[in-house]
Amino acid sequence: MENIHITMPDGAVREVPLGTTAAEIAHQISPRLAKEALVARITPMKKAIVASVSTSPDAAPEAVLDSAGNGGGFLVDLRAPIDEDVRLAILTPKDAEAIQVLRHSAAHLLAAAVLDLFPNVKLGIGPPIDTGFFYDFVREEPFTPEDLARIEKKMRDMASQDIPNERKMLPKAEAIEMYRKWDQGFKCELVEERAIEPMVSFYTTGKFMDFCRGPHVPSTNRIKAFKLMSVAGAYWKGQEGNPQMQRIYGACFYTQQELDEYLHKLEEAKRRDHRRLGAELDLFSVQEEAGPGLIFWHPKGALIRKQMEDWLRDELLRRGYDLVVTPHIMRLDLWKTSGHAGFYKENMFGPIEVEKTDYQLKPMNCPGHILIYKSRLRSYRELPVRLAELGTVYRYERSGVLHGLLRVRGFTQDDAHIFCMPEQIESEVEACIDFAYAVMQTFGFDKYVVELSDWDAKHPENYAGSADDWNRATSALQNTLTKLGVPFKRIKGEAAFYGPKIDVKLIDAIGRPWQLTTVQFDFNLPGRFGLEYVGEDGNRHQPLMVHRALWGSVERFFGILIEHYAGAFPAWLAPVQAEVLPLSEKFSEYAKTVTATLKEAGFRAHLDDRNEKLQAKIRDAQLQKIPYMLIVGGKEAEAGTVSVRHQSKGDLGPRPLAEFISDLRHQVQSRAI
C-alpha cells in the first residue's frame, strides 16, 4: 500500500498509509488528544489549495483560512481520508478556529431536534455566529418559549446519544430529487443555485440531512454548553419580499463556565440598556408621531449633552481647530460632485424639489466644509486648515436596523476636516489619534483596539481613486500608527469609498467593543472640487484632506456612555449632581439654603421637599442615579453641615457644606470618573 508523509506542527514527520485520517493519527499520538480533537487543518505540501465554500450556503466562515496566515491550509473532518503529503494540525478547544466548527455543528443539532419535534417545518440555513448559531425555519405556528424549552431538551437528549456527524456525497440531480420528495423547497433552491460540482456534499445527524460542505465535529456529544436564546423574524436569503422565516438563535461555548459568563454578560447588558435607562432617567425619547430613528432630547439628557459639547468645543479650539456651521440642506448637484449621490445614494433620503431645483438633506458634513475652504484661495502659510462642526446629518436607515441612540436617521456628527500639504499629513493623523486618546481618558475608557481599513483591490468599482492613490494613502496611515507604536489590525475591504481609514474601538465596562474615532484619508474630494493652495514656489497645488470624527455621533456616543456607566454618570456629567433631602418639613428652610448655596457655586442641585419619608427619598435619588444625596436635619442646620451619601459608596458622614462644595468643585473641574 502506498504511504504518505504527515508533517506535524512541531516538525515531526509521520509516514502513514494513504487514506489515513486525522482521527487515527490523534489516537496514535495520545488517547487524550483523540478525546479532545474537534477538527483538523491540513495544508498540502505540493501547492497551497484554498477550498471553496461556494457549494455550501451555511459552511463555517472559518472553513477557508487566510492562505497568508496558514499557508493555504483549510479545515477538514477528523474522519476525512488524507490522500497526499500534508502538514497537519489537530485542533482542540485550545485552538480559536475550532469554535466556529463546534457552533456550526450545534446549528445542525438544532435543526435535527426541530425536525424530530415538528416534522413539517421547512428548512432554511444554519450558520455559526460570533457567540453561537442560528437556524431558519418556516412553520405556520410561531415558536413559543415553551417550544424552545422542548427543542433544547431534545437537543440535549440527542447530544447525549453521541450521534455521528457523517459526510455523504450525492449526485446533484439525486440531491435535488431527494429534497423535492422531502418537500424542502428552500434546500432544492440552494442545491440548484450553489452546487457547482457534479457531486454534492451533505452531512447527516441521525435522520437529519443537510446540504453542507462542513467540516463538523465528529459527533453530537462534543456539543455540551449551549442554550437556545430567542426567536426572530428573517427573510429567506435576507431579502425583503422573500418568504418570512423564524430564526432560532442559540449560544454555544466549549464549557458551561464560558456559557454562564456569556449569559451573565447578557444580563448585565440588559441592565445597562440605554433605551430602558433613557426612559427611566428621563434623558431622551423616540416619538412615533414624529417618525422612527429621530431623537428627542429631554431636559436632563440635553444638559448632559451640553457638558459633553462644551468640553469638546473647548478642546477643539485649544488644539487649533476653527468652528464652523453649515446648512442642513444643499443642492443635489453638490452631492453629485462629491460622489455621494452615486456611491452613497442608498443611504440618503430622496431629493426635495425647491423652485424646480433638487435639494438634498445632508448625509455628511464634508461638502459644506469643502465649500468654506474653497471660498477663497489659500496660501501654504495657512495650512493646515482644520474645520470642525457639530453638524446634524440625515441618513436613510431601514426601520429594521434602527436601535435607540445607536442607529438613527438624524444625528449630530462631531465632524472635522483637515486640509493640509503632503508633508503635514502624518503629523495631522498623529494629532487626531492623540485627540482620540484624550476623549477616551476624559470619558472614562482605558481599553481600546485599533483597525486600519483598506480597500478591496479586486473590486475597484466600489472606490474612487487609483491603486497608486490607495497605496500611498494607506502607507501614510500605517506609518503613523507604526511611529506611535500603536498595535493595529488591517481590515481589507472596509474602507470608505473615498479613502482608507483608522478606526479606534473602545472597550466598555463589560468588555464590549464600540466603534468610536474614525480618521479617514481622502484623496478624492479635493480633486472633485478642484481645491487648491498657493505653495511656497508660487504655484497652485492640491491639498490633502482628512475626515475626522471622535465620537462618531453625539447620539451614539451618549448611548455608549449610558451603558458604560449604567446610567450613573460621574459628577461632572450628571444632570443633577446633588439632591438635598430634609429630614422633615421643619428643616426645609435650611435645605433651601443649602440648595441655593450649591446653585450659586455653579452646581446642578435639586431640593426634594416632598412630604415623604427619608428612605423613600433616598430610594428615588438612587433610582435616578444622582451622585450625591445631602441629608439635612437639626444637627446639620445648627452646625452648617450636610450628611453626605454617595450613590455607590453609601454613607460618607457629616461634612461642612463649604468643604463638600470644595471637594465637588475639584471632582467637576478635574472631570473625575
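Anything mentioned here points back to the structure above.
Peer 1: Tell me what's going on with the pattern of salt bridges, and back it up with residues and numbers.
Peer 2: The full count for this structure, using the stated rule, is 47 salt bridges. Among the salt bridges present, the one from Arg386 reaches Glu428, with a minimum N-O distance of 2.9 Å. One end of the pair, Arg386, is in strand 21 (residues 385–394); the other, Glu428, is in helix 14 (residues 425–442), with 42 residues separating them in the sequence. Residue classification places Arg386 among the buried positions, given a relative accessible area of 18%. Given a relative accessible area of 6%, Glu428 falls into the buried group. Here Asp454 makes a salt bridge to Arg490, at a shortest N to O gap of 3.0 Å. Of the two residues, Asp454 sits in strand 23 (residues 448–454) while Arg490 sits in strand 24 (residues 489–492), which places them 36 residues apart along the sequence. Overall, the relative accessible area of 43% leaves Arg490 in the partly exposed class. Through salt bridges that share partners, Arg305, Glu309, Arg313 and Glu555 make up one connected network.

Peer 1: I'd like to hear about the sheet that holds strand 24, residue by residue, with values.
Peer 2: Taken in spatial order, the 8 strands line up as 16-21-22-29-26-25-23-24 in an open sheet, and their pairing is mixed. The sheet is open, and its two borders are formed by strand 16 (322–323) and strand 24, each paired with just one other strand. Here strand 23 pairs with strand 24 via 4 bridges, running parallel. Directly across from Asp454, in strand 24, lies its bridge partner Lys492. Packing of helix 17 (residues 554–564) onto the sheet brings it into contact with strand 21, strand 22 (410–420), strand 25 (501–507) and strand 26 (513–522), and relative to strand 26 it is tilted by some 150°.

Peer 1: Quick one: what's the story with helix 8 (residues 256–272), residue by residue and with numbers?
Peer 2: In a regular helix each residue adds 1.5 Å, so 17 residues correspond to 24 Å; helix 8 covers 24 Å between its end C-alpha atoms and thus fits that length. Taken together, the buried positions of helix 8 are Leu259, Tyr262, Glu268, Ala269 and Arg272. Among the structural elements, strand 12 (225–235), strand 13 (244–253), helix 9 (274–280) and helix 17 are those in contact with the buried residues of helix 8.

Peer 1: Please provide a residue-by-residue account of the pairing of strand 26, values included.
Peer 2: Within strand 26, 8 of the 10 residues are buried, which leaves it mostly tucked inside the rest of the structure. Where strand 25 lies against strand 26, 6 bridges are found, and the strand directions are antiparallel. Within the sheet, the bridge partner assigned to Lys501 lies in strand 26 and is Gln520. Adjacent in sequence and paired antiparallel, strand 25 and strand 26 are bridged by 5 residues, among which Gly511 carries a positive phi angle near 85°.

Peer 1: Which residues make up the pairing of strand 11 (residues 208–211), and what are the values?
Peer 2: Here strand 11 shows a buried face lined by Phe208 and Asp210 and a second buried face lined by Met209 and Phe211. Here strand 10 (residues 199–205) runs beside strand 11; their pairing, made up of 4 bridges, is antiparallel. Paired with Thr204 across the bridge in strand 11 is Met209. Connecting the antiparallel pair strand 10 and strand 11 is a turn made up of 2 residues, with Gly206 showing a positive phi of about 65°.

Peer 1: Can you break down the nonpolar core residue by residue, with the values?
Peer 2: With 66 residues, the main nonpolar core has Met308, Phe443, Phe557 and Phe569 as its most contacted residues. Not counting residues up to four positions away in its chain, the partners in contact with Phe569 are Leu283, Ile304, Phe558, Leu561, Ile562, Ala574 and Pro627.

Peer 1: Got a sec to walk through the packing of helix 10 (residues 299–318) against helix 17? Specific residues and values, please.
Peer 2: Look at helix 10 against helix 17: their axes get within 11 Å of each other, and the N-to-C directions meet at 105°. In terms of axis orientation, helix 10 runs roughly perpendicular to helix 17. Note on element contacts: helix 17 touches helix 10 through Val554, Glu555, Phe557, Phe558 and Leu561, opposite Gly301, Ile304, Arg305, Met308 and Glu309. Here the contact of helix 10 with helix 17 is built from residues that sort into 6 nonpolar, 1 polar and 3 charged.

What counts as what
- Residues numbered from 1 in each chain as written.
- Predicted model: local features only at pLDDT ≥ 70, side-chain atom pairs only at ≥ 80, totals over all residues.
- Heavy atoms only, no water.
- Salt bridge = Lys/Arg side-chain N within 4 Å of Asp/Glu carboxyl O.
- Helix = DSSP H or I, 4+ residues; strand = E, 2+ residues; numbered from the N terminus.
- Buried < 20%, exposed > 50% of the residue type's maximum accessible area, 1.4 Å probe, protein only.
- Pairing = 2+ DSSP bridges.
- Contact = heavy atoms within 4.5 Å.
- Axes fitted to C-alpha atoms, helices over the stretch in contact; angles between N-to-C directions.
- Expected span 1.5 Å × (residues − 1).
- Core = buried A, V, L, I, M, F, W, Y, C linked by side-chain atoms within 4.5 Å.
- Parallel < 35°, antiparallel > 145°, perpendicular 65-115°, else oblique.
- Nonpolar A, V, L, I, M, F, W, Y, C, P; charged D, E, K, R; others polar.

On their own, these measurements won't tell you what the molecule is for.
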